[in-house]
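# Notes for the structure review
What follows is the residue order along each chain.
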Amino acid sequence: MSKMLGVLGGMGPMATVDFVKRIVEKSPAQSDQEHIPMIISNNPIIPDRTKCILEQGEDPLNTMLNNLMSLKQSGATRMVIPCNTAHYWLNKLSKTDVPFISIIDAVIQEASRRKMKKIGILATTATAKTGIYSEAITQAGMDYLLPDEIDQQQVMDGIYAVKAGRILEGKDLMEPVLDQLVKQGADGVILGCTEIPLAFDTIADYKKSISLDSLDLLANKCVEYYYH
């Protein structure tokens, strides 16, 4: 059976578009026909993941499962979710019987490859609270740093600014938090929400060099899956 990537997107829509663009740009294709076949669900009706985890808001699981089943029925042979917080439900989502490429695994593998010792985590408050990154970092033998409560709220404000299309405002809110994590000893910082790389596109090169761009690393894994 030929390979087909299923993209469960819409969380948020702009991040999904950016993710697909990165896959196309990274692909070694020399013609249309050599690019990665993708079925993309960019349906933004999926309930807010952070509100579900932190405020007992509407559970997004059933909507995500329905969208995944549509991807499977359309022929997807490997699933990918360009949303970090949604990986909290990954075990339940895996019941579709189509394998996943995990954004968490992609980031931790890169941190290990670069021999990082202490990793800062920039992510939604829900992602931080669930421990999906902190636990993976610890299991890989590294230490982690989280923003304090005030800085974490600033990160959330920045993420929602990006979701609303206010990219520069998001950058101005979140970049000082990255700087603070570095001052506290982080030799790597996870951009653990797929809106953050959109805001950090214009940060200084030395900051990009210590960033673990979850969206970019996931795109790399998708290209690796298809062409190897």
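Note: the structure precedes this text.
Residues numbered from 1 in each chain as written. Predicted model: local features only at pLDDT ≥ 70, side-chain atom pairs only at ≥ 80, totals over all residues. Heavy atoms only, no water.

### Brief notes about the sheet that holds strand 6 (residues 143-145)
Using the following cut-off: DSSP-based pairing: two strands are paired if at least 2 bridges between them are found. Strands are runs of DSSP state E lasting at least two residues, helices are runs of H or I lasting at least four, and both sets are numbered from the N terminus onward. All axes here are fitted lines through C-alpha atoms, helices being fitted over the stretch that makes contact, and every angle between N-to-C directions spans 0 to 180 degrees.
Within the open sheet, the four strands sit side by side as 6-5-7-8. Their pairing is parallel. Among the strands making up the open sheet, the edge pair consists of strand 6 and strand 8 (211-213). Geometrically, the sheet is characterised by an average inter-axis angle of 30° between neighbouring strands, direction not taken into account. The pairing of strand 5 (residues 118-122) with strand 7 (residues 188-191) spans four bridges and is parallel.

### What to know about empty space enclosed by the protein
Short version of the rule: Of the grid points, spaced at 1 Å and generated over the protein atoms alone, those admitting a 1.4 Å probe that cannot get out make up cavities, while open sets with protein on both sides within 12 Å along at least five of seven lines make up pockets; any residue with an atom within 4 Å of a point is treated as lining. Grid points are joined across faces, edges and corners, and a volume is the space filled by probe spheres set on the points. Here the term charged refers only to Asp, Glu, Lys and Arg, the term nonpolar to Ala, Val, Leu, Ile, Met, Phe, Trp, Tyr, Cys and Pro, and the term polar to all other amino acids, Gly among them.
Under the definition given, this model contains one cavity of 30 Å³ or more. Around the largest cavity, the lining comprises 14 residues; the ones closest to its centre are R49, T50, T85, T124 and K163. Breaking the lining of the largest cavity down by element, the ones donating at least two residues are helix 2 (49-55) and helix 8 (149-163). Of all the elements, helix 8 adds the most residues to the lining of the largest cavity, at four residues. Partitioning the lining of the largest cavity into residue classes produces six nonpolar, four polar and four charged.

### Overview of the layout of surface pockets
The gaps left among the atoms become clear once a water-sized probe is rolled over them. Considered as a void within the structure, the largest pocket measures approximately 250 Å³ in volume. Contributing to the lining of the largest pocket are H87, L90, S102, I104, D105, I108, G131, I132, E135, A136 and Q139. Elements with a contribution of two residues or more to the lining of the largest pocket: helix 5 (103-113) and helix 7 (132-139). Examining the composition of the lining of the largest pocket, we find that four residues originate from one element, helix 7, more than from any other. Residues that form the lining of the largest pocket fall into these classes: five nonpolar, four polar and two charged.

### Comments concerning the pattern of salt bridges
Inclusion rule: Definition used for salt bridges: Asp or Glu carboxyl oxygen within 4 Å of a side-chain nitrogen of Lys or Arg. We call a residue buried when its accessible area falls under 20% of the maximum for its residue type, exposed when it is over 50%, and partly exposed in between, using a 1.4 Å probe and counting protein chains only.
Applying the stated rule across the entire model yields 12 salt bridges. With a closest N to O distance of 2.9 Å, D213 and R22 form a salt bridge. Here R22 lies in helix 1 (residues 13-26) and D213 lies in strand 8, a separation of 191 residues in the sequence. Accessibility classification places D213 together with R22 in one group, the buried group. Shared partners join several salt bridges into a network, and the residues in it are D18, R22, K26, D213 and D216.

### Topic: the packing of aromatic side chains
Under the convention used in this document: Ring pairs shown here join Phe, Tyr and Trp side chains whose ring centres sit within 6.5 Å, with only the six-membered ring taken for Trp; geometry is labelled stacked below 30 degrees between planes, edge-to-face above 60, and tilted in between. Any Lys NZ or Arg CZ that is within 6 Å of a ring centre and within 35 degrees of that ring's normal is treated as a charge sitting over the ring.
Enumeration over the complete set of coordinates arrives at two aromatic pairs. Ring plane angle 85° and centroid distance 5.0 Å describe the contact between Y88 and W89, whose orientation is recorded as edge-to-face. Residues Y226 and Y227 carry aromatic rings whose centres are separated by 4.9 Å and whose planes lie at 90° to one another, so their mutual orientation is edge-to-face. When its relative accessible area of 22% is taken as the criterion, Y226 is described as partly exposed. Between the NZ or CZ atom of K3 and the centre of the ring of Y225, over which it lies, the distance is 5.0 Å.

Function cannot be inferred from these measures alone, as they are strictly geometric.
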